[in-house]
Amino acid sequence: MSAEPALLSLTEVAQAIAQKRFSSREVTKSCLDRIAQWQPRLNAFLAIEADEALAAADAADAALAKGSARGALHGVPLAHKDMYYDAGKIVTCGSKIRREFVATSTSTALQRLKDAGTIRLGSLQMVEFAYGPTGHNTHYGAVHNPWGLDHITGGSSSGSGSAVAARLTFAALGSDTGGSIRMPAHFCGVTGLKTTYGRISRAGAMPLSQSLDTVGPLARTAEDCALLLGLMAGADPKDPTATAEPVPDYMAATRESITGLTIGVPSAFYVDDLDPEVERILDETISVLKREGANIVQVELPDQRQLTAAAQLVVAVEASAFHKRWLIERPQDYGPQVLMRLQNGLAIPGVSYLEAMRWRGPALAAFLAAVAGVDAVIAPVAPVAAPTLAESDVGNSPDAESVIQRLTRFTRPINYLGLPSLAIPSGFTKNGLPVGMQLIGRSFDEAMLLRIGAAFQRATDFHERVPEPA
Amino acid sequence: MTRPTPKGIKAIADVAGVPVDAEVAARIANSIGPAFEGFAAVAGTLPFDLEPASFLVVQTAKVST
């Protein structure tokens, strides 16, 4: 076990605090020390609440000394994407418009983590209103990738990816509407779980697209994601779209072997036009899974380009509708790219939007039929490793939409289908940039993805590598 | 399903209550056009009785099997 508490995984540090091998104060101080070291380089935090965090840690230690632990994450300090309402706290949503917005309630996902005993370190950067895949932010500056400071983190959960990778927080909530958890996980070398639509309540989470938004964690390991999912999943009277389906024992799933499982590799689309290094790492990942006992087969999926197009129509309209009042009253307060994308939704007729919504059922049925013979599908998260901040700073230029679509090509179809997908660190390029692969599963079968991800992480060490300050 | 023209976008944005100028309309047409083209093979082909809620039916049906 590491002597530096911040370098432990979430699961390890929760056990260490429970067993009094580290106090919550020692753990919190370790995170704060790393934040002080890295924040000037990364810009991953929007707010750092050191004094409050240490006071909460002392309270957690005092409670533990009296034998009253709150839950599975007692005394564990965390920070989250700044779009989860936390009563009494400013929640900027990465925007100028909500720079001074104070939440009056706490989001269900966050409250469930608090109920398990977590402590707040501060809030994490994000793309303005979660509407962008690169990690640039006009109002608060770009977030930097700890594996290469000139490179993007991916978005929109940019601070979450960067902070988890640099070991500034043990895990962080993100959100995924078009790839916003999986892309930062891929570009920053951490594990990210996009949950099934409806698996975790969205109550108190800033909306972008009510039909596609999902809540999920970024963490160091599949096991950590399993722990967090088990705490957050389940029905919520505040969000009728949160399903009442039973919550399985995700942690138990991570301990199972993958011998005899069948994993599908798409015959097209997800393997087309890949950067050679991403292609190499996909092949190496498949080899590891095969060595661990999985059967690898090719799968022919329905046309994924149509799913991407449908997802674009849905997000554009729903985002514009949420923002309409501010589009009228405060258009000057948006960054250029976010304003451009919000204006896109104005151009889509209601009939086109509803056709895209009506097609979701048949499209999901067709996808599930195509993968009926496999336990999961493996595919790259993106066709490239992290581009530089400069080359992806496209603003509202004529090229912007094509850059965005290229980055999100492999993630958007999964949001349209509402399926779960686990992004896992799978290798590094020759330049030292991480590359992730995504495991795609059936609706509500996160347990299968976590099982495969954990087996892969027992056989590899990509998730254990820690970036060094430049 | 054809991609919208800047002229058509200007009209629809006016109706939506968020008017845009010609330059913005042209930019929107450029941005959103590929989505219309990508969805063209599906648009206009869906059966009469298909509701958006069919998605939830398919999603939950898979859980119980």
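A. Region of interest: the overall build of chain B. Scanning chain B from N- to C-terminus turns up three helices and zero strands. Over its C-alpha trace chain B gives a radius of gyration of 17 Å, far above what one expects of a compact globule, namely 11 Å for 65 residues. Principal-axis analysis of the C-alpha atoms places the extent of chain B at approximately 55 × 25 × 20 Å. Residues counted as buried form 37% of the 65 residues belonging to chain B. Of the accessible surface of chain B, which amounts to about 3,600 Å², a share of 63% is contributed by carbon and sulfur atoms.

B. Geometry of the environment of Thr195 of chain A. Residue and element names in this part refer to chain A. For Thr195, the location among the structural elements is in the loop between strand E5 (191-194) and strand E6 (215-219). Along the primary structure Thr195 and Asp176 are separated by 19 residues, whereas in three dimensions their C-alpha atoms are 8.3 Å apart. Not counting residues up to four positions away in its chain, the partners in contact with Thr195 are Ile200, Thr214, Val215, Gly216, Leu229, Leu419, Pro420 and Glu446.

C. Molecular detail of helix H14 (residues 400-407) of chain A. Every buried residue belonging to H14 of chain A is among Ala400, Glu401, Ile404, Gln405 and Leu407 of chain A, and all of these are buried. Projected down its long axis, H14 of chain A shows its buried positions confined to an angular sector of 160°, all on one face. Buried residues along H14 of chain A sit against helix H6 (182-188), helix H10 (304-329), helix H11 (336-344) and helix H15 (412-417) of chain A together with helix H2 (22-39) of chain B.

D. Up close: the interface of chain A and chain B. Each side of the interface is counted separately: chain A has 40 residues, and chain B has 36 residues. At the boundary of chain A with chain B, total buried surface from both sides reaches about 3,300 Å², with 69% on carbon and sulfur atoms. Contact with chain B buries surface across chain A, with Leu346, Glu355 and Arg358 of chain A losing the most and accounting together for 20% of the total. The interface formed by chain A and chain B holds seven residue pairs in polar contact (both at pLDDT 80 or more) in total. Listed by contribution, the elements that provide at least two residues to the side of chain A that touches chain B are H10, H11, helix H12 (350-358), helix H13 (360-370) and H15 of chain A. Within the side of chain A that touches chain B, the residues separate by chemical class into 24 nonpolar, ten polar and six charged.

E. Main features of the pairing of strand E9 (residues 376-380) of chain A. Residue and element names in this part refer to chain A. Counting buried residues along E9, five of its five residues qualify, which places the element largely inside the surrounding structure. Burial along E9 is two-sided: Ala376, Ile378 and Pro380 facing one way and Val377 and Ala379 facing the other are all buried. Where strand E7 (residues 262-266) meets E9, two bridges bridge the pair, whose relative direction is parallel. Note on E9: the bridge partner recorded for Ile263 is Ala376. Where E9 lies against strand E11 (residues 434-440), four bridges are found, and the strand directions are antiparallel. Bridging across to E11, Val377 finds its partner in Ile440.

F. Geometry of the confidence of the model for chain B. All names here are of chain B. For chain B, per-residue confidence averages 89 on the pLDDT scale, and 92% of positions sit at 70 or higher. Put simply, helix H3 (residues 54-64) is where chain B has its lowest mean pLDDT, 82, and H2 is where it has its highest, 92. Both confidence scores are given for the complex: pTM 0.97, ipTM 0.94.

G. How the structure looks around the state of the cysteines. Residues and elements named next belong to chain A. Under the defined criterion, the tally for this structure stands at zero disulfides over all chains. Here Cys188 stays free of any disulfide, with the sulfur of Cys225 as its closest cysteine sulfur at 14 Å. Classification of Cys188 as buried rests on a relative accessible area of 0%.

H. Here's a closer look at the side chain of Asn415 of chain A. All names here are of chain A. Positionally, Asn415 belongs in helix H15. Here Thr177 takes part through its backbone oxygen, which lies 3.0 Å from a polar atom of the side chain of Asn415. Apart from residues lying up to four places away in sequence, Asn415 is in contact with Asp176, Thr177, Gly178, Gly179, Arg182, Lys194, Leu212 and Arg360.

I. Molecular detail of the sheet that holds E5 of chain A. All names here are of chain A. Ordered in space as E4-E6-E5-E10-E11-E9-E7-E8, the eight strands form an open sheet in which the pairing is mixed. Strands with a single pairing partner mark the edges of an open sheet, and in this sheet they are strand E4 (171-175) and strand E8 (295-299). Direction aside, neighbouring strands of the sheet carry axes that sit 30° apart on average. With two bridges joining them, E5 and E6 adopt antiparallel strand pairing.

J. Here's a closer look at the packing of aromatic side chains. Throughout the structure, instances matching the rule amount to twelve aromatic pairs over all chains. With a centroid separation of 5.8 Å and an interplanar angle of 70°, the aromatic rings of Trp359 of chain A and Phe39 of chain B are classed as edge-to-face. Taken together, the positions of Trp359 of chain A in the loop between H12 and H13 and Phe39 of chain B in helix H2 put the pair across two chains. The class for Trp359 of chain A is buried, based on a relative accessible area of 12%. Overall, Phe39 of chain B belongs to the buried group, its relative accessible area being 0%. Through a chain of ring-to-ring contacts, the aromatic side chains of Trp147, Phe428, Phe456 and Phe462 of chain A assemble into a single cluster.

Cut-offs and rules
- Residues numbered from 1 in each chain as written.
- Chains lettered and ligands numbered in written order.
- Predicted model: local features only at pLDDT ≥ 70, side-chain atom pairs only at ≥ 80, totals over all residues.
- Heavy atoms only, no water.
- Helix = DSSP H or I, 4+ residues; strand = E, 2+ residues; numbered from the N terminus.
- Rg over C-alpha atoms; globule rule 2.2 N^0.38 Å.
- Buried < 20%, exposed > 50% of the residue type's maximum accessible area, 1.4 Å probe, protein only.
- Areas by Shrake-Rupley, 256 points an atom, 1.4 Å probe, with all protein chains shown as cover.
- Contact = heavy atoms within 4.5 Å.
- Arc of directions from axis to C-beta.
- Buried area = accessible area lost by both parts, 1.4 Å probe.
- Polar contact = N/O pair within 3.5 Å; in protein donor to acceptor, adjacent residues only side chain to side chain.
- Nonpolar A, V, L, I, M, F, W, Y, C, P; charged D, E, K, R; others polar.
- Pairing = 2+ DSSP bridges.
- pLDDT = per-residue confidence, 0-100.
- Disulfide = S-S within 2.5 Å.
- Axes fitted to C-alpha atoms, helices over the stretch in contact; angles between N-to-C directions.
- Phe/Tyr/Trp six-rings, centres within 6.5 Å; stacked < 30°, edge-to-face > 60°.

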